[in-house]
Amino acid sequence: EDKEDWHRRCRLFAGSAHPALAEEVAQRLGVPISSAKVARFADSEVAVELLESVRCRDVFLLQPICRSFPASSVNDALVELTLFVSALRRASAQSITAILPYYGYARQDRRMAQVPIAAADVAQILTNAGISRVVAMDLHSGQIQGFFPPAVPVDNLSAVFVAAGYFAEQGLHHAVVVSPD
C-alpha cells in the first residue's frame, strides 16, 4: 500500500549519466524509474522528453554531474540535468528534488582572482531551472550548500558511516582510504 501511495504522489526519473546506479536505487526502493527519452542530435545537442505525467507530483531526479557514457562530459550531464528540470517544471511537477551523487564543479568553490566560483554557478543554473531541493553525497565542502538560496534546501549526505560499517563487517580495523582529490 505504501508503494502504491508513493507512486500515486511521486515519480523517480534518471538521467543518462549513470543508469546502473539509477536501476539499483529504484530496485532498493521498490519503485519503478519513470519513463523519459533522452536523445542526442547529430550535433551532440541533448533532447529530453517525459513519457509520463508529473502534474502535481513530487519528482526525484537522479543524475550525477560527471563524465560517463552517453553523457560524454561533465558539461553534457549538467545540461541534460538542467533540461530535465526544465521539462519537469513545464510539465507542472509539484516539486523537483535533484539527487546528485556527484556534484560536478564542486572543487571550484572559492574566490580567486579572475576565476569563476563554478560550484556557485552550477547552483544558480539549477536554481534558475526550477529545482526545489538538492540531495548530494559528500560535497567537496559544506559551503556549497550556501550557494543555493534559502528556498532550495540542500541535504549533504555522508558515506562515511556506510563505509565505516562495511569496514567493520570485513574486519578491517586499520583501513586506509585513498581519494584522487
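Residues numbered from 1 in each chain as written. Predicted model: local features only at pLDDT ≥ 70, side-chain atom pairs only at ≥ 80, totals over all residues. Heavy atoms only, no water.

This next bit is on the pairing of strand 2 (residues 36-40). As paired strands, strand 2 and strand 3 (residues 46-50) are joined by five bridges and run antiparallel to one another. Bridging from a neighbouring strand, K37 pairs with E49 of strand 3. (Pairing = 2+ DSSP bridges. Helix = DSSP H or I, 4+ residues; strand = E, 2+ residues; numbered from the N terminus.)

The next point concerns the nonpolar core. Judged by nonpolar contacts, the single largest core of 32 residues is most densely connected at L88, Y103 and F148. Looking at this core, the elements that each hand over two or more residues are strand 3, strand 4 (58-62), helix 3 (74-90), strand 5 (95-100), helix 4 (118-129) and strand 6 (133-137). At six residues, helix 3 tops the list of elements feeding residues into this core. Setting aside chain neighbours within four positions, we find Y103 in contact with I65, A119, V122, A123, L139, I144 and F148. (Core = buried A, V, L, I, M, F, W, Y, C linked by side-chain atoms within 4.5 Å. Buried < 20%, exposed > 50% of the residue type's maximum accessible area, 1.4 Å probe, protein only. Contact = heavy atoms within 4.5 Å.)

Moving on, we get to the sheet that holds strand 7 (residues 154-157). Strand order in this open sheet of five strands is 1-4-5-6-7, and the pairing throughout is parallel. Each of the sheet's edge strands pairs with one partner strand only, and the pair in question is strand 1 (10-14) and strand 7. Taking the axes of each pair of neighbouring strands and ignoring which way they run, one obtains an average angle of 15° across the sheet. As paired strands, strand 1 and strand 4 are joined by five bridges and run parallel to one another. (Axes fitted to C-alpha atoms, helices over the stretch in contact; angles between N-to-C directions.)

Moving on to the layout of surface pockets. Gaps left between atoms are located by rolling a probe of water-molecule size over the structure's atoms. Put simply, the second largest pocket is a space of about 270 Å³. Surrounding the second largest pocket, 14 residues form its lining, V25, L62, I99, V135 and L157 being those nearest its centre. Mapped by element, the contributors of at least two residues to the lining of the second largest pocket are helix 2 (19-29), strand 4, strand 5 and strand 6. Of the residues contributing to the lining of the second largest pocket, the split by class is 14 nonpolar, no polar and no charged. (1 Å grid on protein atoms, 1.4 Å probe; cavity = no way out; pocket = protein on both sides within 12 Å on 5 of 7 lines; lining within 4 Å. Points joined across faces, edges and corners; volume = space filled by probe spheres on them. Nonpolar A, V, L, I, M, F, W, Y, C, P; charged D, E, K, R; others polar.)

Applying the stated criterion to the full structure yields six salt bridges. When the shortest N-O distance is used, the salt bridge between R9 and D5 registers 3.2 Å. You can see R9 and its partner D5 sitting in helix 1 (residues 2-9), four residues apart, about one turn around the helix. On the basis of relative accessible area, R9 is assigned to the partly exposed category, the value being 37%. By relative accessible area, D5 is classed as partly exposed at 28%. Salt-bridge contacts for E52 lead to R11; the nearest nitrogen and oxygen are separated by 3.0 Å. A residue pair is termed long-range when its members are at least 10 positions apart, and E52 in the loop between strand 3 and strand 4 and R11 in strand 1 qualify at 41 residues. Residue classification places E52 among the partly exposed residues on the basis of a relative accessible area of 25%. (Salt bridge = Lys/Arg side-chain N within 4 Å of Asp/Glu carboxyl O.)

To continue, consider the confidence of the model for the protein. For the protein, mean pLDDT is 86; residues scoring 70 or higher make up 92% of the total. Across the protein, strand 4 holds the top mean pLDDT of 96, while helix 1 sits lowest at 78. (pLDDT = per-residue confidence, 0-100.)

Here we take up unusual backbone geometry. A positive phi angle, near 80°, is found at S44, a position not held by glycine. With respect to the helices, strands and loops of the structure, S44 is situated in the loop between strand 2 and strand 3. One non-glycine residue, S92, adopts positive backbone phi at about 70°. Note on placement: S92 falls in the loop between helix 3 and strand 5.

The subject of this paragraph is the pairing of strand 6. Across four bridges, strand 5 lies against strand 6 in parallel orientation. If you follow L100 over to strand 6, its bridge partner there is A136. For strand 6 and strand 7, the ladder comprises four bridges, and the chain directions are parallel. Of the residues in strand 7, the one forming a bridge with V134 is V154.

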